[in-house]
Amino acid sequence: MSLVLTTASVPDRDKVAYWNDAVSRTLVPMTVAPRGDGPFDGRIATDRLGYLQVSTMEADAERVSRTPALIARSSEALVAVGVQISGTATFIQDGRRAEVGEGDLVVYDTTRPYSFDYPQRFATHVFQLPRRTLGVPDSDIRQVTGNAIGTGDGFGAMLLPFLATLASSADGYPPAVANRLAGNVVDLFATLIAERAHPGGTDADTARSHLLLRVRDHINRSLGDPDLSPESIARTHRISVRYLHRLFEGEGTTVGRLIQQRRLEECGRELARRGRTAPTVSAVAQRWGFVNPAHFSRSFRAAYGVSPREWRNLRTAQDDGGLSPAVTSAPGTVPKAAADVHGADRPMAGLAPSSG
C-alpha cells in the first residue's frame, strides 16, 4: 500500500515546512525552496519493492538541495535514478550540470552533494536502492552522475517504459514478486551505469580485470583472518556480493573455494617445512584462518590424500632421504577434490588450538 503525503489539507502558512519534512523523510534529508510566491502544492507517493524504494513526486516549481550537513544525518549510502515525467530540471552533481527534459534519466549518489532546480511544476519518479546492491565500482557511478541520460534510443529506450510501468503498479505486487523485481531493477541499473561509464566495452573489461586482481591480492593478504568471506571482501571493495561472484564467473572457481584452496596451500607449505621446533598442526591451521578441527582435517585430506599430520611426516621423511609413499599432490598444488569439499562456498571455518 502506497504512503501518500500531500500539502492539500495543510494550512498555507505551513505547506513549505510540511513539504520539506515530507520529502526529507520519504527520500533523504534535503532542503526545498519554492520558486513561486503563492501557496505551495506538492504530493509524493512511495512504495517498497524489497530493498528498492519507488516514489512519484509532483510539485510546484522549487529548488532541492542536498548539502554536506544533511548528508551527515543519513545512515545509509543510496544511489537514486530519477525519471523526469513532466517539466524540466537543472541537475548538478560532481561538478557537472545537466539540463533534464521529459523522459530523461539521471543517476545520483546521495552520499555527495547535489541539487535539482525545477523552474515550473513538474513530476518525477525516483528509484532509490542501497549503493552496495549495485555491485559497480564507485568510480563508474561518479562518471555517470551529473548527466542527463536520453531515452530516445539504445538501452534507455528499453528501460524507460519498464520503469514507468513499475512505478505506476509498485503497490500491487506480492512480497516474493517484489523482491524478484527489485533484483531485476538492480541488474538493469548496473548495466545502465556500466554502459554509460564504459561505452566502448574495453575499459569495462580492463576495470573488471583490475578489480579482480585487487580482490585476489586482498584474499592472499587476509588468509589468516577467520572472518574472511565473500561478504567481508565485498564490503572492503565497496561492491555487492552478487557482483563479487559475477567477477569470478569464467575463473574456474568461486570466491569461497579460492579462499579454501589458498588456505590449504599455505598450510601444506608450512607443514612441509623442516625446523628444530616445528609448529603443531593446530597452530599452522589456526594461523591460516581455520577454527574447526573436523572441517580442516576433512578438507586437507580431500586435497592431499592424507591427514595434515601424515602429510608433515611424509614430507619430512622425503627430505631426510627416506622412501616416499605415492602422494600425488605437492605443497601449493591443490587437486580439484579440494574444491568439492562440503561447505567450500561458505566462509571458511578453521581449527581451534589442540594437541599437534
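The shown structure was predicted, so the numbers you read here are calculated from the model rather than taken from an experiment.

Undergrad: Please clarify how the sheet that holds strand 1 (residues 3-6) should be interpreted in this entry.
TA: Through backbone hydrogen bonds, the strands of a sheet pair up, either in parallel or in antiparallel fashion. On the basis of which strands lie adjacent, the open sheet formed by six strands has the order 1-3-4-11-6-9 and antiparallel pairing. Strands at the two margins of the open sheet, each flanked by one partner only, are strand 1 and strand 9 (105-109). When the angles between neighbouring strand axes are averaged without regard to direction, this sheet yields 20°.

Undergrad: Can you walk me through the layout of surface pockets in this structure?
TA: To find leftover empty space, a probe the size of one water molecule is rolled over the atoms. Approximately 330 Å³ is the volume found for the largest pocket. What lines the largest pocket is a set of 15 residues, among which Arg131, Arg132, Thr133, Ile239 and Ser240 lie closest to the centre. In terms of residue count, the dominant contributor to the lining of the largest pocket is helix 7 (residues 230-237) (three residues). Tallied by class, the residues present in the lining of the largest pocket amount to five nonpolar, two polar and eight charged.

Undergrad: How should the sheet that holds strand 8 (residues 96-100) be read in this particular structure?
TA: Here we have five strands laid out as an open sheet, ordered 2-5-10-7-8, and antiparallel in their pairing. Both outer strands of the open sheet, strand 2 (31-34) and strand 8, are each paired with one neighbouring strand and no more. Within this sheet the neighbouring strands show an average axis-to-axis angle of 15°, counted without direction. Two strands pair when backbone bridges link them, and strand 2 and strand 5 (residues 62-66) are joined in this way by four bridges, in the antiparallel orientation. Within the sheet, the bridge partner assigned to Val32 lies in strand 5 and is Val64. Of the strands in this sheet, strand 2 and strand 5 are in contact with helix 1 (residues 15-26), which crosses strand 2 at around 145°.

Undergrad: Sorry if this is basic, but what is going on with the packing of helix 9 (residues 255-272) against helix 11 (residues 293-304) here?
TA: Any two packed helices are characterised by how steeply their axes cross, that is the angle between the axes, and by the distance between the axes. Two elements in contact, helix 9 and helix 11, have axes separated by 11 Å at closest approach and are oriented at 85°. Between helix 9 and helix 11, the angle is such that the two are roughly perpendicular. The segment helix 9 lies against helix 11, with Gln260, Leu264, Glu265, Cys267, Gly268 and Leu271 engaging His295, Phe296, Ser299, Phe300, Ala303 and Tyr304. Across the contact of helix 9 with helix 11, the residue classes tally to seven nonpolar, four polar and one charged.

Undergrad: Would you take a moment to explain helix 1 for this structure?
TA: Every α-helical turn comprises 3.6 residues, leaving residues that sit three or four positions apart pointing alike. For helix 1, built from twelve residues, the straight-helix expectation of 16 Å at 1.5 Å per residue is met to within 8% by its first-to-last C-alpha distance of 16 Å. Looking at helix 1, one finds that the buried residues are Lys15, Trp19, Asn20, Ala22, Val23, Ser24 and Thr26. Summarising the contacts, the buried residues of helix 1 are in contact with strand 1, strand 2, strand 3 (42-49), strand 4 (52-59), strand 5 and strand 11 (122-130).

Undergrad: Before we go on, may I ask you to explain the pairing of strand 10 (residues 114-118) in this structure?
TA: For a regular strand, side-chain orientation follows a simple rule: the groups alternate between the two sheet faces. Most of strand 10 sits inside the fold, with five of its five residues counted as buried. Side-chain alternation along strand 10 places Tyr114, Phe116 and Tyr118 on one buried face and Ser115 and Asp117 on a second face that is also buried. The sheet contact formed by strand 5 and strand 10 spans five bridges and is antiparallel. From the neighbouring strand, Glu62 faces strand 10, where its bridge partner is Tyr118. Across four bridges, strand 7 (residues 89-93) lies against strand 10 in antiparallel orientation. Across the sheet, residue Gln93 finds its bridge partner in strand 10, namely Tyr114.

Undergrad: Is there a simple way to think about the confidence of the model for the protein chain in this case?
TA: Detailed reading of the predicted coordinates is not advisable wherever pLDDT is low. Overall, the prediction assigns the protein chain a mean pLDDT of 83, with 85% of residues at 70 or greater. Residue range residues 322-356 is modelled with pLDDT below 50. Its contacts to residues more than four positions away, or to other chains, number 90 contacts.

Undergrad: Would you take a moment to explain empty space enclosed by the protein for this structure?
TA: For the structure shown, the criterion picks out one cavity of 30 Å³ or more. Approximately 130 Å³ is the volume found for the largest cavity. Lining the largest cavity we find 18 residues, and of these Met57, Tyr108, Phe116, Tyr118 and Val126 sit closest to its centre. Here the lining of the largest cavity is composed, by residue class, of 13 nonpolar, four polar and one charged.

Undergrad: Help me understand the pattern of salt bridges in this model?
TA: Close approach of charged atoms allows side chains of opposite charge to pair. The full count for this structure, using the stated rule, is 22 salt bridges. For Arg142, the salt bridge is made with Asp94, and the minimal N-O distance between the two is 4.0 Å. Linking Arg142 in helix 3 (residues 138-144) with Asp94 in the loop between strand 7 and strand 8, this pair joins segments that are 48 residues apart in sequence. Judged by its relative accessible area of 27%, Asp94 falls in the partly exposed class. One network of salt bridges, with partners in common, ties together Asp94, Asp109, Arg112, Arg131, Asp138 and Arg142.

Undergrad: Can you walk me through the side chain of Asp47 in this structure?
TA: Turning to its location among the elements, Asp47 is positioned in strand 3. Put simply, Asp47 is tucked away with no salt bridge, and the nearest opposite charge, on Arg43, sits 8.9 Å away. There is a polar contact of 2.8 Å between the side chain of Asp47 and the side chain of Ser2.

Cut-offs applied
Residues numbered from 1 in each chain as written. Predicted model: local features only at pLDDT ≥ 70, side-chain atom pairs only at ≥ 80, totals over all residues. Heavy atoms only, no water. Pairing = 2+ DSSP bridges. Helix = DSSP H or I, 4+ residues; strand = E, 2+ residues; numbered from the N terminus. Axes fitted to C-alpha atoms, helices over the stretch in contact; angles between N-to-C directions. 1 Å grid on protein atoms, 1.4 Å probe; cavity = no way out; pocket = protein on both sides within 12 Å on 5 of 7 lines; lining within 4 Å. Points joined across faces, edges and corners; volume = space filled by probe spheres on them. Nonpolar A, V, L, I, M, F, W, Y, C, P; charged D, E, K, R; others polar. Contact = heavy atoms within 4.5 Å. Parallel < 35°, antiparallel > 145°, perpendicular 65-115°, else oblique. Expected span 1.5 Å × (residues − 1). Buried < 20%, exposed > 50% of the residue type's maximum accessible area, 1.4 Å probe, protein only. pLDDT = per-residue confidence, 0-100. Salt bridge = Lys/Arg side-chain N within 4 Å of Asp/Glu carboxyl O. Lys, Arg positive; Asp, Glu negative; His and termini not counted. Polar contact = N/O pair within 3.5 Å; in protein donor to acceptor, adjacent residues only side chain to side chain.

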